[in-house]
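These are the residues of each chain, in order.
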Amino acid sequence: MKIHEMTYSEIEANVSKGLIKPDEVLDAFYNRIARVEDKVKAFIKIYEREEQFGTTPRVIAIKDNMLIKGKKTTCASKILRNFVAPYDATVIKKLKENSFYIIGKTNMDEFAMGSSTENSAFFPTHNPWSLSKVPGGSSGGSAAAVAAGECPLALGSDTGGSIRQPAAFCGVVGFKPTYGLVSRYGLVAFGSSLDQIGGFGRSVEDVAKLSNIISGKENLDSTSLDYSMGDFTKLLSRPIKGLKLALPKEFISDALDNAIKGKITKIIKMLESEGVVVEEVSMKTIDYAVSIYYIIAPAEASSNLSRYDGVRYGLSKSDASLKHQYMKTRDAGFGTEVKRRIMIGTFTLSAGYYEAYFEKAQRARAKLIKEFNDIFSKYDFIIGPTTPTVAFGIGEKVENPLQMYLQDIYTIPANLTGIPSISLPIGTAEGLPIGMQIMGNRFKDAEVLNLAYAIERMANFDYTGGMKKLDKELGDKYGK
Ligand code: GLN
């Protein structure tokens, strides 16, 4: 097996046995990037090869909304195009302490707003499985980089599905831990009560190991939790017999693609044959999750993004009048989707409409949390699809924001409730990957990873599928 096709765990095992030299690992990923990146365009910035700080080359890519001291953090926005981070995000600090080699910063929807990475102010990223398709978003660059063999691991952020949806589209594993377990310090804020950093990898074991490294209390972050998870990998191979799973009816509605429904049903049959109980339940508030999210997330975004005023950070369009300086800077610096969110958020938070929208959405959110708590008092997990469809075409949904928002109908509830959720690939439809989602109660992260690990074994998905398709596509041009 080629190094760029290996999982992080396989690379580590080979290096520790002396079968591969650390240097060869870096060579493999830099060579792979040189070969495929023109087509995939997963990265906003690929760092020059430097001397590594450790002996084990643990290669990782970072979504370009996390700060790395002395390097640019653009958030794929013109307003931050030349912004150089003055400090390391907590996750970056932890990666550096653990001898990780950061290979580059990945493309994303501007300020993490979007589901296709087409809202990047720079360029769209292509899905390695089919270059005319989107990789999903907003962490589409991270997902595509892992799927294309450009790095074994990547970090993303998930506010409404931005790790899990691109993971599903690109045929990799994406995990959003319990809100608060990974510090948001140094992550550019979008919706602060929803944002969570998490990992992408080519196996459940890999993302579990990565979670161990990036999690932990950060005193500089008031929403970071002290709760000690122990070890995310500790339950991976625990037997799953006797577990009780809930499948919400609302998840298998007409909106769901038949091929996805079929694959989920197949996995459910396999689970049942191993002594797992799966029951259909009704969770009525789920139908309101997208509406709740598109009030709360823009409200928080409008507040968070008020700091980009042409004075403190990034782009500045000067004007004799301060007000005009704000207006000119923000008009030139923000893209259409970001402006749309700021306007919606400003409206729902305004004195005249606060009660009708923001407050009502918060009440509905509380109701959703209660509904999830009720289900978790009877079931260990909630399962379902990650996305209603497989990856769609580049350009297909850009004109229709509402269609784009509906991409997240299955992923948003986990953000609104703060629970851990994973997407893992379980098969393909018409050559494109299908993701399955598992949600557990707060702090049941290791348990979620346990079930995911078991399902990964049942699905037996080929994580190198996207790389092979890409190789085939490039074959003629570059030779073998
Ligand atoms: N697609 C959702 C949005 O546009 C979620 C984005 C995210 O999780 N960052 O808001």
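Scroll up to find the structure.
Predicted model only: the values in this text are computed from it and were never measured.

Caption draft 1: Just the packing of aromatic side chains, in detail. Across all of its chains, the model carries 20 aromatic pairs by this definition. With a centroid separation of 5.7 Å and 50° between ring planes, the pair formed by Tyr308 and Tyr313 is classed as tilted. Judged by centre distance (6.2 Å) and plane angle (90°), the rings of Tyr308 and Phe334 are edge-to-face. Of the two residues, Tyr308 is situated in the loop between α8 (289-304) and α9 (322-333) and Phe334 in the loop between α9 and α10 (336-348); the sequence distance between them amounts to 26 residues.

Caption draft 2: Quick peek at the environment of Leu424. Position of Leu424 among the secondary structure elements: in strand β10 (residues 421-429). Note: C-alpha distance between Leu424 and Leu235 (189 residues apart in sequence) is 17 Å. Not counting residues within four places of it along the chain, the set of residues in contact with Leu424 comprises Val172, Val173, Val204, Ile434, Gly435, Met436, Ile438, Ala452, Ile455 and Glu456.

Caption draft 3: Structural detail: the site of the ligand. In the neighbourhood of the ligand, 15 residues make up the surrounding shell, with Gly160, Ser162, Tyr293, Arg341 and Asp408 lying closest. Side-chain polar atom of Ser115 to a nitrogen atom of the ligand: 2.9 Å apart, as the coordinates give it. Between Ser162 and the ligand, the recorded distance is 2.7 Å, taken from a side-chain N or O atom to an oxygen atom. With the chains in place, 100% of the 290 Å² that the ligand exposes on its own is no longer accessible. Among the residues forming the shell around the ligand, the class breakdown is five nonpolar, seven polar and three charged.

Caption draft 4: Here's a closer look at the nonpolar core. Membership of the largest hydrophobic core comes to 129 residues, with the highest contact counts inside it found for Ile103, Phe111, Ile438 and Leu451. A per-element tally of this core places α8 first, with 10 residues. With residues up to four places along the chain from it excluded, the contact list for Ile438 reads Phe381, Ile382, Ile383, Pro420, Ser421, Ile422, Leu424, Val448, Leu451, Ala452 and Ile455. In this structure, Ile60, Val91, Leu153 and Ile197 belong to the second largest nonpolar core, which totals 20 residues.

Caption draft 5: Inspection of helix α7 (residues 258-273) at higher detail. With 16 residues, α7 extends 23 Å from end C-alpha to end C-alpha; this agrees with the ideal 22 Å at 1.5 Å per step. Among all positions of α7, only Ile260, Ile264, Ile267, Ile268 and Leu271 are buried. With its buried residues spanning 105° around the axis, α7 presents them on a single face. Summarising the geometry of α7, the exposed residues directed more than 90 degrees from the buried face are Asn258, Lys266, Lys269 and Ser273. On its buried side, α7 packs onto β7 (244-248), β8 (277-281), β9 (381-385), β10, β11 (432-440) and α14 (445-459). The distance from a side-chain oxygen at the start of α7 to the backbone nitrogen of Ala259 is 3.1 Å, and the residue carrying that oxygen is Asp257. Residue Gly275 follows α7 closely and has a positive phi angle near 85°.

Caption draft 6: A look at the pattern of salt bridges. Taken as a whole, this structure holds 19 salt bridges when the rule is applied. With a closest N to O distance of 3.0 Å, Lys96 and Asp88 form a salt bridge. The shortest N-O distance in the salt bridge between Lys468 and Asp462 comes to 3.2 Å. Its relative accessible area of 36% is what places Asp462 among the partly exposed residues. By sharing partners, the salt bridges in this structure join Asp23, Asp27 and Arg49 into a single network.

Caption draft 7: Local environment of unusual backbone geometry. Of note, the bond from Gly137 into Ser138 is cis; its omega dihedral lies within 30 degrees of zero at 10°. Checked against the element boundaries, Ser138 lands in the loop between β3 (100-106) and α4 (140-147). For Thr117, which is not glycine, the phi torsion reads 65° and is therefore positive. Topologically, Thr117 is positioned in the loop between β3 and α4. Its identity as a non-glycine residue notwithstanding, Glu430 has a phi of 50°, on the positive side. Residue position: Glu430 is located in the loop between β10 and β11. With a relative accessible area of 84%, Glu430 lands in the exposed category.

Cut-offs and rules
- Residues numbered from 1 in each chain as written.
- Predicted model: local features only at pLDDT ≥ 70, side-chain atom pairs only at ≥ 80, totals over all residues.
- Heavy atoms only, no water.
- Phe/Tyr/Trp six-rings, centres within 6.5 Å; stacked < 30°, edge-to-face > 60°.
- Helix = DSSP H or I, 4+ residues; strand = E, 2+ residues; numbered from the N terminus.
- Contact = heavy atoms within 4.5 Å.
- Near = heavy atom within 4 Å.
- Polar contact = N/O pair within 3.5 Å; in protein donor to acceptor, adjacent residues only side chain to side chain.
- Areas by Shrake-Rupley, 256 points an atom, 1.4 Å probe, with all protein chains shown as cover.
- Nonpolar A, V, L, I, M, F, W, Y, C, P; charged D, E, K, R; others polar.
- Core = buried A, V, L, I, M, F, W, Y, C linked by side-chain atoms within 4.5 Å.
- Buried < 20%, exposed > 50% of the residue type's maximum accessible area, 1.4 Å probe, protein only.
- Expected span 1.5 Å × (residues − 1).
- Arc of directions from axis to C-beta.
- Salt bridge = Lys/Arg side-chain N within 4 Å of Asp/Glu carboxyl O.

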